[in-house]
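Listed below are the residues making up each chain.
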Amino acid sequence: MGRYTVAITGASGSAYGMRLVERLLAGGHEVTLVMTQAGIDVAAYELEFDLPAEEPARALLRFLELSAESPLRIACAGDLFDPIASGSHAVDAMIVMPASMGFCASVAAGLASNLPERAADVALKERRPLIMVPRETPLSLVHLRNLTALAEAGAVICPAMPAFYHRPHSLDDQVNFLVGKVLDLLGLEHSLFERWGE
Ligand SMILES: Cc1cc2nc3c(=O)[nH]c(=O)nc-3n(C[C@H](O)[C@H](O)[C@H](O)COP(=O)(O)O)c2cc1C
């Protein structure tokens, strides 16, 4: 089974990151989740889920309706001593979902000023898969340049762009579509959407 780092930042679409965490854990993978403060605030606003300071993993597992024994660890964005801050801590991939434009800018500039930024910086320097799921529209030239810099440094840019060819019936279908695209990039099997031609 794999070991994944998921970061949820303050872009709209915390539901994507939450569904990804849920699917990875349901697939038996180990997950370290780190949320920026804006990520916590936007998730509270969009999902009505408040990440508590006490036993956050237990609260999130309950919210996701997963077993309390699921291998979820929640790291604190301010804790630069966390294992994911070091390249010597092996992970299979890091996914930033959703990624704010501010977060993309920081990683493109190599700031590493908090734990999720540092973990993304580590993924790039260690040449490990880094999947960024930016969400913003329209995109300014600054955004586009930062995304280009990230792609040049080895990140995969997988924008939160809903599709319609799979004939979604609900928002849930749209969330599943994007999460399924990320699982495809990770090489993990899923049945979150019906594949074209199958
Ligand atoms: C409700 C809400 C929705 C937001 N949506 C986006 C968004 O889709 N994309 C984006 O780049 N920023 C968005 N922002 C702004 C970010 O939260 C803000 O830039 C924040 O500083 C990002 O911090 P972080 O990168 O540390 O998470 C949103 C803010 C709020 C309050």
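Everything discussed here concerns the structure shown above.
Read on for an overview of the structure. Quick caveat, the model's predicted, so the values are computed rather than measured.

This next bit is on the overall build of the protein. Scanning the protein from terminus to terminus reveals 7 helices and 6 strands. Going residue by residue from the N terminus, the α and β elements of the protein occur as β-α-β-α-α-β-β-α-α-β-α-β-α. A compact globule built from 198 residues would reach a C-alpha radius of gyration of about 16 Å, and the protein, at 16 Å, matches this within 12%. The contacts in the protein between residues at least 6 apart in sequence include a share of 74% that link residues at least 24 apart.

On to the nonpolar core. In terms of nonpolar packing, the biggest core is built from 55 residues, with Val 6, Met 94, Ile 95, Val 96, Met 97, Ala 119 and Val 133 touching the most fellow members. Here the element with the most residues in this core is helix H1 (residues 14-26); it accounts for 7 residues. The contacts of Val 6, once residues within four sequence positions are left out, are Gly 17, Leu 20, Val 21, Val 31, Leu 33, Ile 95 and Met 97.

Further remarks concern the site of the ligand. Close to the ligand lie 15 residues, the nearest being Thr 9, Gly 10, Ala 11, Thr 36 and Ala 38. Breaking the shell around the ligand down by element, the ones donating at least two residues are helix H2 (37-47) and helix H4 (101-108). Considering each element in turn, the shell around the ligand owes the most residues, 4 residues, to H2. In terms of residue class, the shell around the ligand is built from 6 nonpolar, 7 polar and 2 charged.

Between Met 97 and the following residue, Pro 98, the backbone shows a cis peptide bond with an omega angle of 0°. Inspection of the secondary structure assignment puts Pro 98 in strand S4 (residues 93-99). In this model, Arg 127 sits at a positive phi of 60°, which is unusual for a non-glycine residue. For Arg 127, the position within the fold is in the loop between helix H5 (115-125) and strand S5 (130-134).

Attention shifts here to H4. Turning to H4, its buried residues are Phe 103, Cys 104, Ser 106, Val 107 and Ala 108. Tucked into the core, H4 has its buried residues touching S4, H5, S5 and helix H6 (141-152). Of the residues flanking the end of H4, it is Gly 110, one or two places downstream, whose phi is positive at about 70°.

The residue Phe 63 is located in helix H3 (residues 56-63) in this model. When the C-alpha positions of Phe 63 and Ala 75 are compared, they lie 17 Å apart, and in sequence the two are 12 residues distant.

Right, let's talk about H2 for a bit. Among the residues of H2, those classed as buried are Gly 39, Val 42 and Ala 43. All buried residues of H2 lie within an arc of 105° about the axis, which places them on one face of the element. For H2, the exposed residues set more than 90 degrees away from the buried face come down to Gln 37 and Tyr 45. Here the buried face of H2 lies against strand S1 (3-8), H1 and strand S2 (30-35). Phi turns positive, to about 55°, at Glu 48, one or two residues after H2.

Definitions and cut-offs
- Residues numbered from 1 in each chain as written.
- Predicted model: local features only at pLDDT ≥ 70, side-chain atom pairs only at ≥ 80, totals over all residues.
- Helix = DSSP H or I, 4+ residues; strand = E, 2+ residues; numbered from the N terminus.
- Rg over C-alpha atoms; globule rule 2.2 N^0.38 Å.
- Contact = placed C-beta atoms within 7 Å.
- Core = buried A, V, L, I, M, F, W, Y, C linked by C-beta atoms within 7 Å.
- Buried ≥ 20, exposed ≤ 12 C-beta atoms within 10 Å, placed from the backbone.
- Near = placed C-beta within 6 Å.
- Nonpolar A, V, L, I, M, F, W, Y, C, P; charged D, E, K, R; others polar.
- Arc of directions from axis to C-beta.

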